[in-house]
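For reference, the chains in residue letters:
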Amino acid sequence: MRALVISGGGSKGAFAGGVAQFLLEELGHKYDLFLGTSTGSLLISHLALNKIQKIRDVYTSVNQDSIFSNRPFTINKKYGVSTIGIDHWNVLKNFYRGSKTFGESHNLLDLIKSTLTEREFKTLKNGDKDIVVTVSNLSLNQVEYKSIKDFSYADFCEWIWISCNYTPFMSLVRKEGCEYADGGLGSMVPIEEAVKRGATVIDAIILHTEVTHYNRLPAKNVFSLLTSMFSFMLDRIERQNIRIGKFVARHNDAIINFYYTPTVLTTNSLIFEKEKMTAWWESGFTFAKTKNMELSEIDPE
């Protein structure tokens, strides 16, 4: 049983799309299980449908307005580097409405529903592939995995959306009596879950470099401090997920093929820029091609 696992990573998901495109189209891999967290959950349904050009068009055209119904930050660009500042008016407006978060991401839910049709959903649900997204249940303090086989179209679209909600910048969702947030808060790279579901060969796309290559710039405001803090915590969660995943795979005779980003793509994955994401998709495809060529040279069999 072969599984494709895609980690969280916001805008860096474009790189994962390029890697997945190579694995599916050039290597011809057939996956029984697609498992994603956050941005990974946005990709997997379309990859399972083999509608790669469709999801590529989405990832290379999305912008802040496609995601946020109320964006809590401004984007400032200086010397080619983008940084975020506080949009005080939008934040105050959100609090006035009784929201528990700085911003809201209802536009993302609309985007999910407009790109994954009910007909496509039924094709996947009635098919032999399993599509699973990761969410964090803050009320019960646990990670949950939601399979397309268990839900209606509307519910599964919401679970995909919830998996991507990077609180407190995006929506906190109350569903089934519990509060839910980004799956990456508990499981950035759900390799362990893939093994538990029977995967014996896993292609894991990690939207992070294998070794840390940079020092973060000093925080300029509370939002940049929060994003740095969350990035630090998510990096630690990611590395722990990978260690546990390797351990579980080893004890279940499963093989993991890792695809890390070769360079630091961005230090703020909440910023969506068409030009960069288009380049990242291309670099993901090229990287996967180069990596597999190197592997074939080492082991021609």
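This section reports on the structure supplied with the text. Being a predicted model, the structure only gives us computed values, none of them experimental.

## Concerning the overall build of the protein chain
So, point 1. Check the secondary structure of the protein chain and you find 11 helices and 10 strands.
So, point 2. Here the protein chain has a C-alpha radius of gyration of 18 Å; the compact-globule value for 301 residues is 19 Å, and the two agree.
So, point 3. In terms of overall dimensions, the protein chain has C-alpha extents of about 60 × 45 × 35 Å along its principal axes.
So, point 4. When each of the 301 residues of the protein chain is scored for burial, the buried share is 54%.
So, point 5. Within the protein chain, counting contacts between residues at least 6 apart in sequence, those at least 24 apart form 77% of the total.
So, point 6. Surface exposure of the protein chain reaches about 14000 Å², of which carbon and sulfur atoms provide 52%.
So, point 7. Separation of charge centres in the protein chain, based on 34 positive and 33 negative side chains, amounts to 5 Å.

## Considering helix 5 (residues 88-96)
So, point 1. Buried residues of helix 5: Asn90, Val91 and Asn94, and no others. Relative to the axis of helix 5, the buried residues are bounded by an arc of 100° and lie together on one face. Opposite its buried face, helix 5 presents the exposed residues His88, Trp89, Leu92 and Tyr96, each directed more than 90 degrees away.
So, point 2. Glycine 98 occupies a position one or two residues after helix 5 and carries a positive phi of about 90°.

## A word on the packing of helix 2 (residues 39-48) against helix 8 (residues 153-164)
So, point 1. One can describe the packing of helix 2 onto helix 8 by two numbers: an axis separation of 7 Å at closest approach and a directional angle of 145°. In this structure, helix 2 uses Thr39, Ser41, Leu42 and Ser45 to contact helix 8, whose residues at the interface are Phe156, Ile160, Ser163 and Cys164.

## Examining unusual backbone geometry
So, point 1. Residue threonine 167 is joined to proline 168 through a cis peptide bond whose omega torsion reads 10°.
So, point 2. Note that proline 168 resides in the loop between helix 8 and strand 7 (173-175).
So, point 3. A positive phi angle is found at aspartate 253, which is not glycine, with a value near 55°.

## Some words on the pairing of strand 9 (residues 201-206)
So, point 1. Of all six residues making up strand 9, five are buried, and the element is well covered by its neighbours.
So, point 2. Bridging between strand 1 (residues 2-6) and strand 9 involves five bridges; their strand directions are parallel. When the sheet's bridge partners are listed, arginine 2 is paired in strand 9 with valine 201.
So, point 3. Relative to strand 10 (residues 255-260), strand 9 runs parallel, the two sharing six bridges. Bridging across to strand 10, isoleucine 205 finds its partner in tyrosine 259.

## A look at the pattern of salt bridges
So, point 1. Under the counting rule described, the total for this entry stands at 12 salt bridges.
So, point 2. With its nearest N and O atoms 3.5 Å apart, the salt bridge here joins arginine 197 to aspartate 130. Taken together, the positions of arginine 197 in the loop between helix 9 (191-196) and strand 9 and aspartate 130 in strand 5 (residues 130-137) put the pair 67 residues apart, joining distant regions of the chain.
So, point 3. Judged by its relative accessible area of 29%, arginine 197 is partly exposed.
So, point 4. Note that lysine 175 and glutamate 158 form a salt bridge whose closest N and O atoms lie 2.8 Å from each other. Of this pair, lysine 175 sits in strand 7 while glutamate 158 is found in helix 8, placing the two residues 17 residues apart along the sequence.
So, point 5. Taking the relative accessible area as the measure of exposure, lysine 175 reaches 9% and is therefore buried.
So, point 6. Each of Lys51, Lys54 and Glu120 takes part in salt bridges that share partners, so that together they form one network.

## Some details on the nonpolar core
So, point 1. Membership of the largest hydrophobic core comes to 92 residues, with the highest contact counts inside it found for Leu4, Leu47, Ile202 and Ile205.
So, point 2. Residues contacting isoleucine 205, with those up to four places away along its chain left out, are Leu4, Val5, Ile6, Ser7, Ala16, Val19, Ala20 and Tyr259.

## Remarks on the state of the cysteines
So, point 1. For the structure on display, the rule yields zero disulfides.
So, point 2. In this structure cysteine 157 is not part of a disulfide, and its nearest cysteine sulfur, from cysteine 164, lies 11 Å away.
So, point 3. Of all cysteine sulfurs in the structure, the one in cysteine 164 sits closest to cysteine 178, which takes part in no disulfide; the separation is 19 Å.

## Observations regarding the packing of aromatic side chains
So, point 1. Summed over all chains, the structure comprises 16 aromatic pairs.
So, point 2. Note on phenylalanine 102 and phenylalanine 223: the rings are 4.9 Å apart at their centroids and 50° apart in plane angle, and the pair reads as tilted. One end of the pair, phenylalanine 102, is in the loop between helix 5 and helix 6 (106-115); the other, phenylalanine 223, is in helix 10 (residues 222-251), with 121 residues separating them in the sequence.
So, point 3. Centroid distance phenylalanine 169 to phenylalanine 223: 5.3 Å. Interplanar angle 90°. Geometry classified as edge-to-face. Residue phenylalanine 169 is located in the loop between helix 8 and strand 7, and its partner phenylalanine 223 is located in helix 10; the two are separated by 54 residues in the primary sequence. Like phenylalanine 169, the residue phenylalanine 223 is buried in the burial classification.
So, point 4. Taken together, Phe95, Phe102, Tyr166, Phe169, Phe223 and Phe230 form an aromatic cluster joined through their ring pairs.
So, point 5. The lysine or arginine in question, lysine 175, covers the ring of tryptophan 159, its NZ or CZ lying 5.4 Å from the ring centre.
So, point 6. Over the aromatic face of tyrosine 259 sits the side chain of lysine 291, whose NZ or CZ is 5.5 Å from the ring centroid.

Conventions we followed
- Residues numbered from 1 in each chain as written.
- Predicted model: local features only at pLDDT ≥ 70, side-chain atom pairs only at ≥ 80, totals over all residues.
- Heavy atoms only, no water.
- Helix = DSSP H or I, 4+ residues; strand = E, 2+ residues; numbered from the N terminus.
- Rg over C-alpha atoms; globule rule 2.2 N^0.38 Å.
- Buried < 20%, exposed > 50% of the residue type's maximum accessible area, 1.4 Å probe, protein only.
- Contact = heavy atoms within 4.5 Å.
- Areas by Shrake-Rupley, 256 points an atom, 1.4 Å probe, with all protein chains shown as cover.
- Lys, Arg positive; Asp, Glu negative; His and termini not counted.
- Charge placed at Lys NZ, Arg CZ, Asp CG, Glu CD.
- Arc of directions from axis to C-beta.
- Axes fitted to C-alpha atoms, helices over the stretch in contact; angles between N-to-C directions.
- Pairing = 2+ DSSP bridges.
- Salt bridge = Lys/Arg side-chain N within 4 Å of Asp/Glu carboxyl O.
- Core = buried A, V, L, I, M, F, W, Y, C linked by side-chain atoms within 4.5 Å.
- Disulfide = S-S within 2.5 Å.
- Phe/Tyr/Trp six-rings, centres within 6.5 Å; stacked < 30°, edge-to-face > 60°.
- Lys NZ or Arg CZ within 6 Å of the ring centre and 35° of its normal.

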